[in-house]
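# Structural description and commentary
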Amino acid sequence: ELRRFTPKTVTDPKAIKRKLEEIKRKGISLEQGELDEDVHVMAAPVFDYAKRPVAAVAIGVPAYRMKSHVRGDMVTLLKETAEKISGRLYYTEEE
């Protein structure tokens, strides 16, 4: 059984699997108060030359600062930063 930190913590294995599939599809993870109700965190994966996820770039902000118009800008910057780091690790999307 997984530990619940807040009422928003996802502990159901099927829900976690769905969330991981969504993260893979979108290329970004958004956590809204699952560990600490007052903190929202976004993360994007960093890949190496073998297309393996080896790290992540994350941004954590107080929940009251996470407005929808700011979130879009943060997502863009986060993805761009993760892509740049991945490129430095010789990652390419080509087969």
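From a predicted model like this one, the values you see are computed outputs, not experimental measurements. (Residues numbered from 1 in each chain as written. Predicted model: local features only at pLDDT ≥ 70, side-chain atom pairs only at ≥ 80, totals over all residues. Heavy atoms only, no water.)

The subject of this paragraph is the pattern of salt bridges. Counted by the stated rule, this structure contains three salt bridges. Across the pair K19 and E34 runs a salt bridge, and its minimum N-O distance is 2.2 Å. Residue K19 is found in helix α1 (residues 13–26), and its partner E34 is found in the loop between β1 (29–32) and β2 (39–47); the two are separated by 15 residues along the sequence. Notably, a salt bridge pairs D48 with R52, separated by 2.7 Å at the nearest N-O pair. (Salt bridge = Lys/Arg side-chain N within 4 Å of Asp/Glu carboxyl O. Helix = DSSP H or I, 4+ residues; strand = E, 2+ residues; numbered from the N terminus.)

Another point: the nonpolar core. Inside soluble globular proteins, nonpolar side chains tend to come together where they are buried. The biggest cluster of nonpolar side chains holds 10 residues, and these are I28, M42, A44, V46, V57, V61, M66, M74, L78 and A82. Mapped onto this core, the elements with two or more residues apiece are β2, β3 (53–62) and α2 (68–88). (Core = buried A, V, L, I, M, F, W, Y, C linked by side-chain atoms within 4.5 Å. Buried < 20%, exposed > 50% of the residue type's maximum accessible area, 1.4 Å probe, protein only.)

Another point: unusual backbone geometry. Of note in the backbone geometry, K51 takes a positive phi value of approximately 65° without being a glycine. For K51, the location among the structural elements is in the loop between β2 and β3. The phi torsion at Y90 lies on the positive side, around 65°, for a residue other than glycine. Examined against the element boundaries, Y90 turns out to sit in the segment after α2.

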